[in-house]
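# Per-entry structural report
These are the residues of each chain, in order.
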Amino acid sequence: MRRIAFLLTALTALLATAQTHYEGTIAVGGKAGASFSRVNFNPTVQQVMLPGMTAGVMFRYIEEKNFGLVAELNMTQRGWKEAFEESDYSYNHRFTYLELPIMTHIFFGNQRIKGFFNLGPEINVMLGDGIKSNFSYPDAASLDYFINDTRHIEQMTMKVNNKFDYGICGGAGMEININPKHSLLLEGRFYYGLTDVFPNHKTDIFSSSNSMTVTVTLGYFYRLK
């Protein structure tokens, strides 16, 4: 009888736990920060990370404990900056994207401070691009620095071939709840593009030219529900 009573008690507890429903939440907010990007050229192009800006709006829906969904609409600067050793030359090609990441949101912690991970796909549309240089890059082949160097220079004058991009993004961060309605968050995120910016046919110089970007942002959420 005791065993039966124990089993019934355990079963009741399990059923009660299974029927416990986590109260869902909805929050909206904004974010801003810095981006650091490069283009993954193949063959390799000598470059360093190009600093830029990112800003946007966020929507978060949490239905289950420790699990939710985050969608954002951001404006982000990407591109690359050429590396010139022992030279005062400067060249960068900057792209401005409208990006839409939709990510799984996994969080842990207490009511005051939470850690979180975001991971999911992202689609992007290039709104514009611009080149900044302190030399006549269309004539780079005639300059002594490039004549004596084996580096690729064709990318400096190439036109963007694909203004649509998609890829995978993932990040981690910390959220501080100021009160039940307001919270601040800090996040670092990495994006890897799966689309080439420039032509990649067999007759083209580069077989790949996809974007890689790191962003660091400070955000704010207001809880609606």
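My aim in this report is to walk through the structure given alongside it, one point at a time. (Residues numbered from 1 in each chain as written. Predicted model: local features only at pLDDT ≥ 70, side-chain atom pairs only at ≥ 80, totals over all residues. Heavy atoms only, no water.)

With that settled, the discussion passes to the overall build of the protein chain. The secondary structure content of the protein chain amounts to two helices and nine strands. Going residue by residue from the N terminus, the α and β elements of the protein chain occur as α-β-β-β-β-β-β-α-β-β-β. Principal-axis analysis of the C-alpha atoms places the extent of the protein chain at approximately 95 × 35 × 30 Å. Out of the 225 residues in the protein chain, the part that is buried amounts to 37%. For the protein chain, restricting intrachain contacts to residue pairs at least 6 apart in sequence, the fraction spanning at least 24 positions comes to 69%. With the model as given, the accessible surface of the protein chain reaches about 13,000 Å², and the carbon-plus-sulfur share is 63%. One finds the centroid of the 20 positive side-chain charges in the protein chain at a distance of 16 Å from the centroid of its 20 negative side-chain charges. (Helix = DSSP H or I, 4+ residues; strand = E, 2+ residues; numbered from the N terminus. Buried < 20%, exposed > 50% of the residue type's maximum accessible area, 1.4 Å probe, protein only. Contact = heavy atoms within 4.5 Å. Areas by Shrake-Rupley, 256 points an atom, 1.4 Å probe, with all protein chains shown as cover. Lys, Arg positive; Asp, Glu negative; His and termini not counted. Charge placed at Lys NZ, Arg CZ, Asp CG, Glu CD.)

With that out of the way, let us pick up empty space enclosed by the protein. For the structure shown, the criterion picks out two cavities of 30 Å³ or more. Empty space within the largest cavity amounts to approximately 90 Å³. Taken together, K31, T54, N74, R78, E99, E122, C169, R189, F190, Y191, T213 and T215 form the lining of the largest cavity. Those elements giving two or more residues to the lining of the largest cavity turn out to be β4 (67-82), β8 (182-193) and β9 (208-223). Per element, the largest residue contribution to the lining of the largest cavity is three residues, and it comes from β8. For the lining of the largest cavity, the residue count by class is three nonpolar, four polar and five charged. The calculated volume of the second largest cavity comes to roughly 50 Å³. Along the walls of the second largest cavity sit M58, R60, V70, E72, H105, N118, L185, E187, R189 and F221, which together make up its complete lining. (1 Å grid on protein atoms, 1.4 Å probe; cavity = no way out; pocket = protein on both sides within 12 Å on 5 of 7 lines; lining within 4 Å. Points joined across faces, edges and corners; volume = space filled by probe spheres on them. Nonpolar A, V, L, I, M, F, W, Y, C, P; charged D, E, K, R; others polar.)

Let us now look at the packing of aromatic side chains. Scanning all chains against the criterion turns up 19 aromatic pairs. Taking the centre distance of 5.4 Å and the plane angle of 75° together, the rings of Y91 and Y137 count as edge-to-face. With Y91 in strand β5 (residues 91-109) and Y137 in the loop between β6 (113-133) and α2 (144-147), the pair connects residues that are 46 residues apart, well separated along the chain. On the basis of relative accessibility, which here comes to 0%, the residue Y91 falls in the buried class. Arranged with centres 6.3 Å apart and planes meeting at 40°, the rings of F164 and Y166 form a pair that is tilted. Among the residues examined, F164 registers a relative accessible area of 39% and is labelled partly exposed. Connected via pairs of aromatic rings, a cluster forms that spans F41, W80, Y91, F95, Y97, Y137, F198 and F206. Above the plane of the ring of Y97 lies R78, whose end atom (NZ or CZ) is 5.1 Å from the centre. (Phe/Tyr/Trp six-rings, centres within 6.5 Å; stacked < 30°, edge-to-face > 60°. Lys NZ or Arg CZ within 6 Å of the ring centre and 35° of its normal.)

By size, the foremost hydrophobic cluster in this structure holds 19 residues, and its most contacted members are W80, F95, M156 and F198. Contributing elements (two or more residues each) for this core: β1 (25-42) and β5. Discounting residues that sit within four places of it in the chain, F95 has contacts with V39, T76, Q77, R78, G79, W80, M126, G128, D129, V160, V197 and F198. (Core = buried A, V, L, I, M, F, W, Y, C linked by side-chain atoms within 4.5 Å.)

Take the pattern of salt bridges next. Evaluated as defined, the whole model comprises eight salt bridges. Residues K31 and E72 are paired through a salt bridge, measuring 3.2 Å at the closest nitrogen-oxygen approach. Remark: E72 occurs in strand β4 and K31 occurs in strand β1; sequence separation between them is 41 residues. Side by side, K31 and E72 carry an identical accessibility label, which is buried. With a closest N to O distance of 2.8 Å, E122 and R78 form a salt bridge. Taken together, the positions of E122 in strand β6 and R78 in strand β4 put the pair 44 residues apart, joining distant regions of the chain. The same class applies to E122 and to R78, which are both buried. Connected through shared salt-bridge partners, K31, E72, E187 and R189 make up one network. (Salt bridge = Lys/Arg side-chain N within 4 Å of Asp/Glu carboxyl O.)

Remember, this is a structural readout, not a statement about activity or role.
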